[in-house]
Amino acid sequence: MARGWFITFEGGEGTGKSTQIELLRQYLVERGWTVLVSREPGGTPLAEKIRELLLDPHYDPDPLTELFLLEASRREHVERVIRPAIERGEVVICDRFADSSTVYQGLAGGVPAKTVALLNEAATSGLVPDRTLVLDLHVEEGLERAHRRNRDRGGASRIDDSPPAFHRRVRDGFLELARREPERVRVVDALGSPDEVFARVLAELPEALR
Ligand code: TMP
């Protein structure tokens, strides 16, 4: 059976990843693909538990502790969910993946790049997305949207609440990744209506999926 596809969405807080992922899921299902949507941290029952710990405002782990937890959840997710689905020929769309650790814990959080790369490699056994779409938005606009969403849901997320300077390093970090790996990592302007942004997402997808 032909190998499937692995597409990830990345970007700062409030950039509209969930909306775009749902639009892409519908688009691909209509064209006959079997699609699996997942997210990180999370994606298996154990990994979702780790997610709860990571986002719980009662704890304040340092970036390296955070990274170990993220990589444990990533290992579970890759081995039990992502790799089997790709091998079944499906399209896996994941809301965040290893690039988030490179950027949040590494470039913005100060964990040495070598350490993040080593742990990402160990957790994924070298699985790299076929395409990564970075939804890019001005930091203030993204944080405003994320805070509104958290208020509506009645909860805050610990990492969303980091200072704006942190989120500016996150944005710059993703743009830097796109410069380093232009074939895989594509920046999509996230300002505009969901349909406008989705047209830009489609334009950056591998041709076989368009
Ligand atoms: P989400 O709000 O996009 O679901 O992501 C949850 C939070 O986890 C978000 O603030 C980014 C953070 N995160 C990291 O810091 N490192 C990672 O490797 C991942 C996957 C997420």
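Rules used throughout
Residues numbered from 1 in each chain as written. Predicted model: local features only at pLDDT ≥ 70, side-chain atom pairs only at ≥ 80, totals over all residues. Heavy atoms only, no water. Salt bridge = Lys/Arg side-chain N within 4 Å of Asp/Glu carboxyl O. Helix = DSSP H or I, 4+ residues; strand = E, 2+ residues; numbered from the N terminus. Near = heavy atom within 4 Å. Polar contact = N/O pair within 3.5 Å; in protein donor to acceptor, adjacent residues only side chain to side chain. Areas by Shrake-Rupley, 256 points an atom, 1.4 Å probe, with all protein chains shown as cover.

J.: How should I be thinking about the pattern of salt bridges in this particular structure?
T.: One side chain can pair with another of opposite charge once the charged atoms of both are near each other. Applying the stated rule across the entire model yields 23 salt bridges. Where R88 meets E90, a salt bridge forms, and the shortest distance between an N and an O atom there is 2.9 Å. E140 is the partner of R168 in a salt bridge, and the nearest nitrogen-oxygen pair spans 2.8 Å. Here the residue R168 occupies a position in helix α7 (residues 164-180), and E140 occupies one in helix α6 (residues 139-153), the gap between them amounting to 28 residues.

J.: What is the right way to look at the site of the ligand in this model?
T.: For the ligand, the set of nearby residues contains 15 residues, the closest of which are E13, R51, R96, S101 and Q105. The separation between an oxygen atom of the ligand and a polar side-chain atom of S101 is 2.6 Å. Between the ligand and the protein, one listed contact pairs a nitrogen atom with a side-chain N or O atom of Q105 at 2.9 Å. Across the complex, the protein chains shield 94% of the 470 Å² of accessible surface that the ligand would expose by itself. With 4 residues, the single largest contributor to the shell around the ligand is helix α4 (residues 98-108).

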